[in-house]
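So the chains spell out like this:
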Amino acid sequence: MADEGVVLWGRVVNLHRALNTLLHADIRAATGLDGTEFEFLLRLARFPGPRTHASMVAARMGYSSAGTTKLVARLEDKGVIRRERDPQDGRAFRVALTDAGQAALRAGLKAHIPRLDAEMINRLTAAQRRQLQDLLRRIDPGETTGTPGRETR
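The rules we used
- Residues numbered from 1 in each chain as written.
- Predicted model: local features only at pLDDT ≥ 70, side-chain atom pairs only at ≥ 80, totals over all residues.
- Heavy atoms only, no water.
- Axes fitted to C-alpha atoms, helices over the stretch in contact; angles between N-to-C directions.
- Helix = DSSP H or I, 4+ residues; strand = E, 2+ residues; numbered from the N terminus.
- Left-handed = near helix turned anticlockwise from the far one by under 90°.
- Contact = heavy atoms within 4.5 Å.
- Nonpolar A, V, L, I, M, F, W, Y, C, P; charged D, E, K, R; others polar.
- UniProt positions renumbered as here; feature names shortened; annotations may be inferred.
- Buried < 20%, exposed > 50% of the residue type's maximum accessible area, 1.4 Å probe, protein only.
- Pairing = 2+ DSSP bridges.
- Salt bridge = Lys/Arg side-chain N within 4 Å of Asp/Glu carboxyl O.

Asks: Mind showing me how you'd approach the packing of helix α2 (residues 35-46) against helix α3 (residues 54-61) here?
Replies: Two quantities define a packed helix pair, namely the angle between the axes and the distance from one axis to the other. Packing of α2 against α3 brings their axes to within 10 Å, and their N-to-C directions diverge by 115°. Crossing of α2 against α3: the hand is right-handed. Contact with α2, carried on its side by Thr-36, Glu-39, Phe-40, Arg-43 and Leu-44, involves Ala-54, Val-57, Ala-58, Arg-60 and Met-61 of α3 and no other residues of that element. Of the residues belonging to the contact of α2 with α3, the class tally is six nonpolar, one polar and three charged.

Shown next as structure tokens:
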């Protein structure tokens, strides 16, 4: 198929698959965590405050509540997060990084960042990186700035 959208999407998928394979291998070697587990820790660390709802972290990952429950249980079993019931909503859980989770996050980033630099950042000029950021922001459905209309052909 030569449809422009199909071709562009194929390139995005191929890039994602190739980088994920490399990045996840580095993260597993450095931390013993799989890519999804590491992503949860990374996204959790980006929330303000020491704790947040597990569902909020998972929503940013596109995870269902069943998937979130299993993921949080695995991370708790590995000792990298601690989970507690939300005092205002007994059905919800808040999660926080443990000291082991902070250490895993640091170790993962130590392995992750050089690979990102080698495979992506260093291959683009600063202007190209800014342009790529802008382009991705324009088509990311998760961005709050709105999605521009599709150009007509």
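Read on, since the account is not over.
Asks: Please clarify how the UniProt feature "domain: HTH marR-type" (unreviewed entry) in the protein should be interpreted in this entry.
Replies: UniProt feature "domain: HTH marR-type" (unreviewed entry): in the numbering of this structure it lies at residues 5-141. As annotated, residues 5-141 comprises 69% helix and 12% strand, and the C-alpha atoms at either end are separated by 15 Å.

Asks: Looking at this model, I keep getting lost on the side chain of Asp-26. Mind explaining?
Replies: With respect to the helices and strands, the residue Asp-26 is situated in helix α1 (residues 4-31). Residue Asp-26 is classed as buried on the basis of its relative accessible area of 18%. Dropping the residues within four chain positions of it, Asp-26 is found in contact with Ala-111 and Arg-115.

Asks: Please explain the sheet that holds strand β2 (residues 81-86) as it appears in this structure.
Replies: The pairing of strands in a sheet happens through backbone hydrogen bonds and is either parallel or antiparallel. Taken together, three strands build an open sheet; the order of strands is β1-β3-β2 and the sheet is antiparallel. The open sheet has two edge strands with one neighbour each: β1 (52-53) and β2. Across six bridges, the pairing between β2 and strand β3 (residues 89-97) is antiparallel. Looking across to β3, one finds that Glu-84 is bridged to Arg-94.

Asks: For this particular structure, what's the right way to read the pattern of salt bridges?
Replies: Should the charged atoms of two oppositely charged side chains come close, the side chains can pair. According to the stated counting rule, one finds 11 salt bridges in the structure shown. We note a salt bridge from Asp-34 to Arg-74, for which the minimum N-O separation is 3.7 Å. Of this pair, Asp-34 sits in the loop between α1 and α2 while Arg-74 sits in helix α4 (residues 65-77), and the two are 40 residues apart along the sequence. Taking relative accessible area as the criterion, Arg-74 reaches 33% and is therefore assigned partly exposed. Across the pair Glu-37 and Arg-74 runs a salt bridge, and its minimum N-O distance is 2.9 Å. Highlighted residues: Glu-37 in helix α2 and Arg-74 in helix α4, separated in sequence by 37 residues. The exposure class assigned to Glu-37 is buried, which follows from its relative accessible area of 2%. Linked by salt bridges that have partners in common, Asp-26, Arg-115, Glu-119 and Arg-123 make up one network.

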